[in-house]
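Spelled out, the chains give:
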There are 2 protein chains.
Amino acid sequence: MNIIYVVGIGPGAYEKMTIEAADTLRDSDVIIGYTVYVDLVREHFPEKEFLTTPMRKEVDRCRMAFEEAEKGRKVAMICSGDAGVYGMAGLMLELGREYPDCEVRVIPGVTAATGGAAVLGAPLIHDFALISLSDLLTPWEKIEKRLRLAAEADFVICLYNPGSKKRADYLEKACEIMMESKSGDTVCGLVSQIGREGESMRVLPLKELKKTPVDMFTTVFIGNSQTVEVDGKMVTPRGYRYE
Amino acid sequence: MNIIYVVGIGPGAYEKMTIEAADTLRDSDVIIGYTVYVDLVREHFPEKEFLTTPMRKEVDRCRMAFEEAEKGRKVAMICSGDAGVYGMAGLMLELGREYPDCEVRVIPGVTAATGGAAVLGAPLIHDFALISLSDLLTPWEKIEKRLRLAAEADFVICLYNPGSKKRADYLEKACEIMMESKSGDTVCGLVSQIGREGESMRVLPLKELKKTPVDMFTTVFIGNSQTVEVDGKMVTPRGYRYE
């Protein structure tokens, strides 16, 4: 049986990778990934062979991994963050049915929600919902419904893929929907380039977030009704009493 | 300024800790945590001083950390999984207002949702909601509302603290609520002792999950309407076309 590891490399910095993920890359013959992620790890594994495919070539990238594994090589397929959160783990397991000699194993990592939360403070301490605003593979109506119900349920909400050049007004539309049940003063946060050069964060109210331009390297956090700002950080209390 | 690091140690196994978390523990003078988590890391840092408090003594544990830091010692407060997901990061930042000479920094880790997902396959590939069934600090009515709306929004749902001796029927009640809008045939999964000795997993339909006893070391996953079983694993497709 040829084993392929699908490895979450964390938000970007080498130190934010798990020990297991680094060991798996070190033990592999070939590391496969999207160009941007390969560039993040290449310098730490200079002796390895790397194979890349561009964005939107996910199926080709997965098949490349199976084909390398079928040659008897130890393959690691890398994903940013966690391989199981909007990552390649699902597609690899689905395609695995066509390659009965290969077994897919998933190595978890720190996803942008928890990596970004650590930069902002502690926004995700209580129940939260994770929603991607990308409508490339999901109908926008379904995204709207999830935003509306998650806001109504008073979840902390974390948004992935909040915007891009083509989807410049998606975050604004999302904020409008959440403001049907969340106050405009709800404490929110933005983190860009988590764990990478140029990392930055900002805490701001929902009504301001609505007017803020974001790019695809930004993760957005919308607090619940209890979320507060503490010394410039975003904190959702769990409910411990300490006074 | 005395810096206190609040460190997520991951699900349990040393290898599932990030490199940054391990480095932080190695650089600290004293490691503070709940007894069970201290026992998970002690053998890997035998030269360190450890301080513990029992469960439900969270405020005492945090104050202990600040008091050690005020002595000029390098302090690491450890949490299982991620420090910012039902962990101590929030309470530490809140209490930090009383200790102006101390700064709290959060080191993220792999939380049970993503650690457990990797064991089950890839259940969290698409939008998901994380809900704790513990009503120790949250009114049960609020938990019910979140379950109901998250199910209606067709989120994959991950449940923390699904049961204990005192809360033997909570998972059953939660399944009943989710079955108001999710089919009884929805693909679900259970993972126990993630990354620890005795790790086990099971994939089963929601109607069976409802009748399954669980303990506090189990994390529960309820699929969305697209989630499927693939060779005994739980997989939520993202929507890539490959046929």
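Residues numbered from 1 in each chain as written. Chains lettered and ligands numbered in written order. Predicted model: local features only at pLDDT ≥ 70, side-chain atom pairs only at ≥ 80, totals over all residues. Heavy atoms only, no water.

Enquirer: Can you lay out the UniProt feature "domain: Tetrapyrrole methylase" (unreviewed entry) in chain A for me, pointing to particular residues and giving the numbers?
Expert: Those places that UniProt annotates as "domain: Tetrapyrrole methylase" (unreviewed entry) correspond, in this numbering, to residues 4-209 of chain A. For the annotated span residues 4-209 of chain A, helix accounts for 34% and strand for 24% of the residues, and the straight-line distance between the end C-alpha atoms is 41 Å. (UniProt positions renumbered as here; feature names shortened; annotations may be inferred. Helix = DSSP H or I, 4+ residues; strand = E, 2+ residues; numbered from the N terminus.)

Enquirer: Account for the interface of chain B and chain A, naming residues and giving values.
Expert: Interface size is commonly expressed as the accessible area that is lost once the parts come together. Between chain B and chain A, the residue contacts involve 70 residues of the former and 70 residues of the latter. Around 6,300 Å² of area is buried between chain B and chain A when both sides are counted, 61% of it from carbon and sulfur atoms. Sorting the residues of chain B by area buried against chain A places B:Arg146, B:Tyr240 and B:Tyr242 first, and these three jointly supply 12% of that buried surface. Counting across the interface, chain B meets chain A through eight salt bridges. B:Asp154 is paired through a salt bridge with A:Arg146; the nearest N and O atoms lie 3.8 Å apart. (Contact = heavy atoms within 4.5 Å. Buried area = accessible area lost by both parts, 1.4 Å probe. Salt bridge = Lys/Arg side-chain N within 4 Å of Asp/Glu carboxyl O.)

Enquirer: Quick one: what's the story with the sheet that holds strand 6 (residues 121-122) of chain B, residue by residue and with numbers?
Expert: All names here are of chain B. Read from one edge of the open sheet, three strands run 6-13-12, paired in mixed fashion. Bordering the open sheet on either side are strand 6 and strand 12 (228-230), each of which pairs with just one other strand. With three bridges connecting them, strand 12 and strand 13 (residues 233-235) associate as antiparallel partners. Pairing of Glu229 across the sheet is with Met234, part of strand 13. (Pairing = 2+ DSSP bridges.)

Enquirer: So what's going on with the nonpolar core? Which residues, and what values?
Expert: The biggest cluster of nonpolar side chains holds 54 residues, and the ones touching the most others in it are A:Leu159, A:Leu209, B:Leu159 and B:Leu209. Those residues in contact with B:Leu209, other than ones at most four positions away along the chain, are B:Leu171, B:Cys175, B:Cys188, B:Leu190, B:Leu204, B:Val220 and B:Ile222. Within the second largest apolar cluster, 37 residues are counted, among which are A:Leu120, A:Leu124, B:Val85 and B:Val191. (Core = buried A, V, L, I, M, F, W, Y, C linked by side-chain atoms within 4.5 Å. Buried < 20%, exposed > 50% of the residue type's maximum accessible area, 1.4 Å probe, protein only.)

Enquirer: Run through helix 1 (residues 19-27) of chain A, naming residues and quoting values.
Expert: Those residues of helix 1 of chain A lying buried are A:Ile19, A:Glu20, A:Ala21, A:Ala22, A:Thr24 and A:Leu25. Tucked into the core, helix 1 of chain A has its buried residues touching strand 1 (2-8), strand 2 (30-34), strand 4 (75-79) and strand 5 (102-107) of chain A together with helix 1 (19-27) of chain B.

Enquirer: Mind laying out the sheet that holds strand 4 (residues 75-79) of chain B, listing which residues take part and the relevant values?
Expert: Residues and elements named next belong to chain B. Reading across from one edge, 3-2-4-1-5 is the order of the five strands in this open sheet, with parallel pairing throughout. The open sheet has two edge strands, strand 3 (49-53) and strand 5 (102-107), and neither has a second partner. Along the sheet, successive strands turn relative to each other by an average axial angle of 25 degrees, direction set aside. Strand contacts of helix 1: strand 1 (2-8), strand 2 (30-34), strand 4 and strand 5, with the helix running at about 135 degrees to strand 1, the strand carrying the most contacts. Strands in contact with helix 3 (residues 58-70) are strand 1, strand 2, strand 3, strand 4 and strand 5; relative to strand 2, the strand with the most contacts, it is inclined by about 175 degrees. (Axes fitted to C-alpha atoms, helices over the stretch in contact; angles between N-to-C directions.)

Enquirer: Would you mind going over the side chain of A:Asn224 in detail, with residue names and values included?
Expert: Along the polypeptide, A:Asn224 turns up in the loop between strand 11 (218-222) and strand 12 (228-230). Here the side chain of A:Asn224 touches A:Gln226 through a polar contact of 2.8 Å, landing on its backbone nitrogen. Beyond its immediate sequence surroundings of up to four residues, A:Asn224 is in contact with A:His126, A:Asp154, A:Phe155, A:Val156, A:Lys182, A:Thr186, A:Thr236 and B:Arg146. (Polar contact = N/O pair within 3.5 Å; in protein donor to acceptor, adjacent residues only side chain to side chain.)

Enquirer: Summarise the relation of the copies chain B and chain A; cite the residues concerned and give the values.
Expert: Each of the two chain copies goes to the other by way of a rotation about an axis and a shift along it. Note on the identical chains: chain B maps onto chain A by a rotation of 180 degrees and an axial translation of 0.0 Å, with an RMSD of 0.0 Å. Here the two chains are linked by the operation of a two-fold rotation axis. (Least-squares fit on C-alpha atoms with pLDDT ≥ 70 in both.)

Enquirer: Talk me through the confidence of the model for chain A; I want residue IDs and the actual numbers.
Expert: Parts of the prediction with low pLDDT should not have their coordinates interpreted in detail. Put simply, chain A has an average pLDDT of 95, and 100% of its residues get 70 or more. Quick note on the complex model: pTM equals 0.97, ipTM equals 0.96. (pLDDT = per-residue confidence, 0-100.)

Enquirer: Go over the packing of helix 6 (residues 140-152) of chain B against helix 7 (residues 170-178) of chain B with me, naming the residues and quoting the values.
Expert: A packed helix pair is summarised by two numbers, namely the angle formed by the two axes and the spacing between the axes. Residues and elements named next belong to chain B. Their axes nearest at 8 Å, the elements helix 6 and helix 7 cross at an angle of 40 degrees. Classed by the angle they form, the pair helix 6 and helix 7 counts as oblique. At the point where helix 6 passes helix 7, the crossing takes the right-handed sense. Contact residues: helix 6 offers Trp140, Glu144, Leu147, Arg148 and Ala151, while helix 7 offers Tyr170, Lys173, Ala174, Ile177 and Met178. (Parallel < 35°, antiparallel > 145°, perpendicular 65-115°, else oblique. Left-handed = near helix turned anticlockwise from the far one by under 90°.)

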